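Reading the structure
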Amino acid sequence: MVWHTTIGNGPTKVLVVHGWFWDHRVFAPMFDALDRNRYTYAFVDVRGYGHSRDVAGAFSISEVAADAIALADRLGWREFHALGHSMGGKAVQKMAMDAPARLRSVVAVTPVPASALPFDDEVFGFFASACESDDVALAIMGDSLGNRVSTIWLQLMLRRARDTATPAAFRNYMRSFIKDDYSATANKVTAPMLVLYGEHDNGVSEAMVKAVYPGLYPHAEIEKIGNCGHYPMQETPINFVTRIEAFLSQSAGS
């Protein structure tokens, strides 16, 4: 089973899934701003990462979704909200397809879409080379932040990613979030959905989000987060928490 930590003891339950670079600690800058009386947050480390580093698996998005639902079962959460970042955003979409009656809402943050990414062999090869090449990994991260943030911070994030993830997990999740296509069951997602994209994110860009997400989820709210790129929980944590908790409080049944 995957590791998790909980923050808060409120009646509204929120399960949180991190992305490709780093683990649940990517959300740490927002921890002190969370409303702990209203919400209980469960932050996961996916298989092969962090405290779940030694948990074997296929390291796929489907597996992340299944593990998260199983965690909700262990916690006794019959209904809950799901928040996912980047590849974790793809995982929470899959959760909403696999357990639609249990998801009160979905918050997809700078999310990889449920569909396969339209990468040709060259672009896929570039991403694959990031599994070994620090220079390529830094270039991918830098571009996702609009090539506007501190090189020191980028290098720190890369060290954290290398330290937390097994090489097999890092590579297999990369293949899964790029190639796996769940779009055929997107119509199963009926829960309220908020899709947040960063103003300066050149990876999950405004153009891509607006081209893809309305077709997948016509009911979704799609919003830009200003003054940030791919990591709003790091770049603008207070604004980020404020927006997601406002959405959670408005979602049906919360």
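Residues numbered from 1 in each chain as written. Predicted model: local features only at pLDDT ≥ 70, side-chain atom pairs only at ≥ 80, totals over all residues. Heavy atoms only, no water.

The subject of this paragraph is the pattern of salt bridges. Tallying each qualifying case throughout the model produces 15 salt bridges. Where Asp67 meets Arg47, a salt bridge forms, and the shortest distance between an N and an O atom there is 2.6 Å. Here Asp67 is found in helix 1 (residues 61-75), whereas its partner Arg47 is found in the loop between strand 3 (39-45) and helix 1, with 20 residues between them in sequence. For the residue pair Asp67 and Arg47, the accessibility class agrees, reading buried in each case. (Salt bridge = Lys/Arg side-chain N within 4 Å of Asp/Glu carboxyl O. Helix = DSSP H or I, 4+ residues; strand = E, 2+ residues; numbered from the N terminus. Buried < 20%, exposed > 50% of the residue type's maximum accessible area, 1.4 Å probe, protein only.)

The seven strands are arranged 1-3-2-4-5-6-7 in an open sheet whose pairing can be described as mixed. Each end of this open sheet is capped by a strand with a single partner; those strands are strand 1 (3-7) and strand 7 (221-225). Averaged over all adjacent pairs, the angle separating strand axes in this sheet is 20°, with direction ignored. Looking at chain direction, strand 5 (residues 103-109) and strand 6 (residues 193-198) are connected through four bridges and run parallel. Following the sheet pairing, Ala108 is matched in strand 6 by Val195. The sheet strands contacting helix 1 are strand 1, strand 2 (12-17), strand 3 and strand 4 (80-85), and the helix crosses strand 2 at an angle near 150°. (Pairing = 2+ DSSP bridges. Axes fitted to C-alpha atoms, helices over the stretch in contact; angles between N-to-C directions. Contact = heavy atoms within 4.5 Å.)

Moving on, we come to the side chain of Glu245. Its place among the elements puts Glu245 in helix 9 (residues 237-250). If sequence neighbours within four positions are ignored, Glu245 has contacts with Ala33, Leu34, Asp35, Tyr39 and Tyr41.

In this section: helix 1. The end-to-end C-alpha separation of helix 1 is 21 Å, in line with the 21 Å expected for 15 residues at 1.5 Å each. Those residues of helix 1 that fall on the buried side of the exposure criterion are Ile61, Glu63, Val64, Ala65, Asp67, Ala68, Ile69, Leu71 and Ala72. Against strand 1, strand 2, strand 3, strand 4, helix 2 (87-98) and helix 6 (167-179) lie the buried residues of helix 1. Just downstream of helix 1, Gly76 is the residue with a positive phi angle, here 75°. (Expected span 1.5 Å × (residues − 1).)

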